[in-house]
Amino acid sequence: MTLILTHSDIASVLDRDEVRKAVERAHLGLALGDCQNPAPRSLALPEAGTALPMAASGQGLATVKLLCDVPVNRERGLPAQRSTVMVSCAVTGECLAILDGRAVTAVRTAAASAVATDHLARPSASVLGLVGAGNLAAEHARAIAAVRDVERIVVTSRTTATVESFRSAVSDLGIPVIRADTAEEVFADADIICTLTPAREPVVQGRWFRPGQHINAVGAPPRPDHREIDSVGMSNARLVVDSIPTVLAKSGGVLVAIAEGALTDTEIHTELGHIIAGLAPGRISDDDITLFESVGIGLQDLATAGVVVEHAIERGIGTVIDLGS
């Protein structure tokens, strides 16, 4: 029997703290060899679209998320990215669940940023900066506030309406939200910065980085020619990635920096899981600039889907069907 979970089903059972802990365990498992997360290979779609099958196994599950990145959808008034997650039992191969990917992707992405922040940012970091106030911004504010005592949030966006929508979405956190006119102003004020824009060309310059900052580079689509941070920024920070094979296949931030001679592929050697497991150092001094290059991996979807499915079954939420009937 297979459980079908819609976006609203998933939103009703999501526990963000549990997801963050599950994502942390998944990265640990990847570092220790208990989980698998091969680099995905993209498939070309019409109108410059791509399909990315993101497979992973671990924690008794095997999952595949099919992510379709269709930029022309913006002209159609549709989401540029859509995804679906299939969850199977790693022992029997039975398809346990099929989930809409929107909430899973947003929450696990923010959870990964929070795990990186918890392990890399200074304990005293208290000002959160957001470059971009779109769909990922509220999830990141919640996730980061769960691992650091955030005193204020500084955010920049192209429109006032987007900032106001973000302010309303996080009003329950009780944290002051200040609008900055530029990304440079965000970097001038914040201790922790999350870049959350679907940029192709850099919107962040490495010369803005200040000693002691931690940056989560999140927003650029998983394409080798898209990046938010320039090569100076990538080379000036202590770089940590979610998955080395995935980053070397899909991260424009890394691949363009290598092409421009600012990085070599041998410098991409530290995964978030290595730091969690104590196999590599993270922040060494208060003056270190740390940067988490978050391309997004299928193992994060697996961890999140596992939490969601467990809670949905406990609460009797979703639709059960027999795919073999």
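Residues numbered from 1 in each chain as written. Predicted model: local features only at pLDDT ≥ 70, side-chain atom pairs only at ≥ 80, totals over all residues. Heavy atoms only, no water.

A. Representation of the overall build of the chain within the structure. A count of helical and extended segments in the chain gives 12 helices and 14 strands. Taking 2.2 N^0.38 as the reference for a compact globule, 325 residues should give roughly 20 Å; the C-alpha atoms of the chain span a radius of gyration of 19 Å, in line with that estimate. Its C-alpha atoms give the chain principal-axis dimensions of about 60 × 45 × 40 Å. Long-range contacts, defined here as pairs at least 24 residues apart, represent 70% of the contacts in the chain between residues at least 6 apart. Carbon and sulfur atoms make up 52% of the accessible area of the chain, which amounts to about 13,800 Å² in all. (Helix = DSSP H or I, 4+ residues; strand = E, 2+ residues; numbered from the N terminus. Rg over C-alpha atoms; globule rule 2.2 N^0.38 Å. Contact = heavy atoms within 4.5 Å. Areas by Shrake-Rupley, 256 points an atom, 1.4 Å probe, with all protein chains shown as cover.)

B. Highlighting the pattern of salt bridges. Tallied over the entire structure, the rule returns 14 salt bridges. In this structure, the salt-bridge partner of Arg76 is Glu47, at a minimum N-O distance of 2.3 Å. Of this pair, Arg76 sits in helix H3 (residues 73-76) while Glu47 sits in the loop between strand S2 (43-45) and strand S3 (49-58), and the two are 29 residues apart along the sequence. On the basis of relative accessible area, Arg76 is assigned to the partly exposed category, the value being 42%. Between Asp118 and Arg148 there is a salt bridge, and its shortest N-O distance comes to 3.0 Å. (Salt bridge = Lys/Arg side-chain N within 4 Å of Asp/Glu carboxyl O. Buried < 20%, exposed > 50% of the residue type's maximum accessible area, 1.4 Å probe, protein only.)

C. Summary view of the pairing of strand S1 (residues 2-5). One ladder, built from three bridges, connects S1 with strand S14 (residues 319-321); its direction is antiparallel. When the bridges of S14 are listed, Thr2 appears paired with Ile321. In this structure, S1 lies alongside strand S6 (residues 95-100), joined through three bridges in parallel fashion. Bridged to Leu3 within S6 is Ala97. (Pairing = 2+ DSSP bridges.)

D. Representation of the packing of helix H2 (residues 16-32) against helix H12 (residues 298-315) within the structure. Close contact between H2 and H12 brings their axes to 8 Å; oriented N to C, the two are set at 135°. Overall, the two elements H2 and H12 adopt an arrangement that is oblique. For the crossing formed where H2 meets H12, the hand is right-handed. In this structure, H2 contributes Glu18, Val19, Ala22, Val23, Ala26, His27 and Leu30 to the contact, and H12 contributes Leu299, Gln300, Ala303, Thr304, Val307 and His311. Of the residues contributing to the contact of H2 with H12, the split by class is eight nonpolar, four polar and one charged. (Axes fitted to C-alpha atoms, helices over the stretch in contact; angles between N-to-C directions. Parallel < 35°, antiparallel > 145°, perpendicular 65-115°, else oblique. Left-handed = near helix turned anticlockwise from the far one by under 90°. Nonpolar A, V, L, I, M, F, W, Y, C, P; charged D, E, K, R; others polar.)

E. Seen up close, unusual backbone geometry. Of note in this structure, Ala48 is not a glycine but carries a positive phi near 65°. As for its placement among the helices and strands, Ala48 is situated in the loop between S2 and S3. We classify Ala48 as exposed; its relative accessible area is 55%. A positive phi is found at Gln59, a non-glycine position, where the angle reads about 55°. Within the secondary structure layout, Gln59 lies in the loop between S3 and strand S4 (61-69). Among the residues examined, Gln59 registers a relative accessible area of 43% and is labelled partly exposed.

F. Just the state of the cysteines, in detail. The full count for this structure, using the stated rule, is zero disulfides. Free of any disulfide, Cys95 has its nearest neighbouring cysteine sulfur in Cys89, separated by 11 Å. On the basis of relative accessible area, Cys95 is assigned to the buried category, the value being 14%. (Disulfide = S-S within 2.5 Å.)

G. Here's a closer look at the pairing of strand S5 (residues 81-89). Both S4 and S5 contribute to a ladder of nine bridges, which runs antiparallel. Along S5, the bridge assignment pairs Cys68 with Arg82. With five bridges joining them, S5 and S6 adopt antiparallel strand pairing. Across the sheet, the residue bridging to Val87 is Ala97, located in S6. The loop that links S5 with its antiparallel partner S6 comprises five residues; one of these, Gly93, has a positive phi angle of about 80°.

H. Region of the structure containing the sheet that holds strand S7 (residues 127-131). Strand order in the open sheet formed by seven strands is S9-S8-S7-S10-S11-S13-S12, with parallel pairing between adjacent strands. The sheet is open, and its two borders are formed by strand S9 (177-179) and strand S12 (238-241), each paired with just one other strand. Each strand axis lies, on average, 20° off the axis of its neighbour in the sheet, ignoring direction. Looking at chain direction, strand S8 (residues 152-156) and S9 are connected through three bridges and run parallel. Bridged to Val155 within S9 is Arg179. Here helix H6 (residues 160-169) sits on the sheet and contacts S7, S8 and S9; the angle it forms with S9, its principal contact strand, is near 175°.

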